[in-house]
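Chain and residue survey
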Amino acid sequence: MRDIDLEKYVGALIGVIWAIVKLASLYGGVQARRAERAARAVARLGDADAPRGDTAPIGVARGSDTGLVDVARGSDTGLVDVARGSDTGLVDVAPPSAAPWAGMPFGAPRAPDADRLRGVLLRLAELEQSAAALGEMVRHERANRRFTDVLLGAVPHEIGSLRAAVDAGLTAREAESAADRIELVVGEIAVLVRQRRDPSLLPELGDADALADACYAPVIAFARAEGLPLRSGAPATQLTDFDLAIWTGFIPTSIAPIFLPVDFFSTPLRWPALAHEIGHDFLASVDGLEPALRRELGLGGERARPPALDGDRVKAPELRRVFGVWFEEIFCDVFGTLMFGPAYVLTMSELFFQEDEPYASIAVQTDVTGARYDEHPPPHLRVLIGCMVLERGGLDEDARALREAWARRHAEVSLDDLLLPVRGAWRPFPLSPFASMAAWIVERLYAGPLTALSGFGLQDISGLDYGPHERQEASRARDALLAGRVPAVLDARALLAGAVLAAHHEPAQSLSILIKARAAIPALGTSERRPDPFGSRLDASRVTLDRRAVTEALLFREVLLPPRARRARRRARL
């Protein structure tokens, strides 16, 4: 109800602002017409004594064929002034005290397109310089080297393309919008670089980057083998105040910024959700993949309104439209379950359940307007979808245990129904048609064949599925963590899957379990190495540096620098 009232108030406020704008425009028009009539009267009276020839009425430009009054040079009023020393004997036209838009919230009129385009070109020059300067710095930084191609390649290319478009007649509004996008890219890269320069954040972000890379590796290998046009492949995590999300708008740069919530490094439960975000990027970064999958599955992409009702059931066409809204999230849940197995479903169960509001698990939510469905399926259906994937992969016992644990948490809720919003109230509908539709989509995504995936299903992507080997590795990691040891497991996905299973057994030890699991992951962008199973882990803080070691390191660096870089350094010193 609050949403409806807020929408009403916002609409009223927009109406008031529009009325103010119209009044200001009318006032300005009246003042301009009065001034024009007065100027013409002055011009007619002045013409009576003026010599004939190439003289023009006051305020009218010579050679003008418009008959309209031009603004006199040097005038700051925007209206016609009578020339100083006029012998007409008439009183000069007084300008208004201020422009009609003075004090208005919408400000002065926009500058002409030519001025705005010149401003865009100046912004582009500044962005090009700042991107080049940052790119030259990060190319020598281990933690930030991955951003070099974006700053020295993608950004200059986009700037050059925009300049060419401006020369070809791009409008000022379109040019400003494109410049805003480029500035957004440079600004986001600067934030990613700054966080990785923080010695307290780098090991944490490096571990998260390593896990994200491990999740993306099977996708990159599959795309290369099948010739799929994958435009992204370098995930970069960032600590933010947002919930876990990925910025798919960065896809043309090949960088995929992933926003981590503030509690990400305090519990292992959130880590498998990285695979869900990688699924979003995979779906968006392969050109034409999502539309092709929707066509094969017969699912539209429009945002569906509340469905038509047939008694107490949802009609089949409407049901398909609802699943069209949910398709992207379903795809990412199937992808995440394949990546982490039971640990992913356990993560969903822990994060989705609301003890004070258990009915939220079966509620089909709408967007902020209340007029269309939200793109996320209800939590109960998402947990069921994860269990369907486990069963399809042969993990029936894990799926059964997760279903039973989820049902125990919802003892007071009927999990055989879903609650749909109907005329402002929640109404129960049978779960069975929704579950049947979800099972059909899961089977098609899991097993294929899907033309959009070169005739394969997701299970056929080598290294993607959670098979017997991954299950055994996750169990080894879980047992080591519960015993208080750093696991000797190489796969980052299996490490974190084991950490989630261990934290589920010992919730009070979640933080220490995560710390030990991270100790087995060499953080990306650092000098960390995997622990040696036959010896103690090398502590970099115990390495002593003397004068000779530092001198040799500097000399070694000079030897390894390319000749062009050495020449640039010599010129700088001169």
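Residues numbered from 1 in each chain as written. Predicted model: local features only at pLDDT ≥ 70, side-chain atom pairs only at ≥ 80, totals over all residues. Heavy atoms only, no water.

1. Quick word on the pairing of strand E7 (residues 425-430)
As a reminder, the rule being used: Strand pairing is assigned whenever DSSP identifies at least 2 bridges connecting the two strands. Runs of E in the DSSP output that reach at least two residues are strands. Runs of H or I that reach at least four are helices, and both are numbered from the N terminus.
Of the pairings in the sheet, the one linking strand E6 (residues 417-422) to E7 comprises six bridges and is antiparallel in character. Looking at the pairing, Leu-418 lines up with Phe-429 of E7. With antiparallel pairing between neighbouring strands as the criterion, E6 and E7 make up a hairpin whose turn holds two residues, including Arg-423 at a positive phi of roughly 50°.

2. Here we look at the pattern of salt bridges
To be explicit about the condition: In what follows, salt bridge is the name for a side-chain nitrogen of Lys or Arg lying within 4 Å of a carboxyl oxygen of Asp or Glu. Buried residues are those whose accessible area, probed at 1.4 Å on protein chains only, stays under 20% of the maximum for their type, while exposed residues exceed 50% and partly exposed ones sit between those limits.
By the definition in use, this model includes 27 salt bridges. One salt bridge connects Arg-118 with Asp-115, and the closest N-O pair in it is separated by 2.0 Å. In this pair, Arg-118 and Asp-115 both sit in helix H2 (residues 113-138), three residues apart, roughly one turn of the helix. Residue Asp-115 is classed as partly exposed on the basis of its relative accessible area of 36%.

3. Things to note about the sheet that holds strand E2 (residues 245-246)
Sheet architecture is open: three strands sit in the order E1-E3-E2, paired in mixed fashion. The two strands at the open ends of the sheet, each matched to only one other strand, are strand E1 (234-239) and E2. The pairing of E1 with strand E3 (residues 255-260) spans six bridges and is classified as parallel. Residue pairing across strands places Ala-234 opposite Ile-255, the latter belonging to E3.

4. Notes on the confidence of the model for the protein chain
Definition in use: Each residue carries a pLDDT score, the predictor's own confidence in it, on a scale running from 0 to 100. Contacts between residues were defined by any pair of non-hydrogen atoms, one from each residue, lying within 4.5 Å.
In this model, the protein chain carries a mean pLDDT of 80, and residues with pLDDT of at least 70 account for 74%. Across the protein chain, the element-wise mean pLDDT spans from 53 in helix H17 (residues 563-573) up to 96 in helix H10 (residues 379-392). Confidence over residues 39-109 falls short of pLDDT 50; this stretch has 50 contacts with residues more than four positions distant or in other chains. Every residue in residues 534-541 is under pLDDT 50, and counting partners more than four places away or in other chains gives three contacts.

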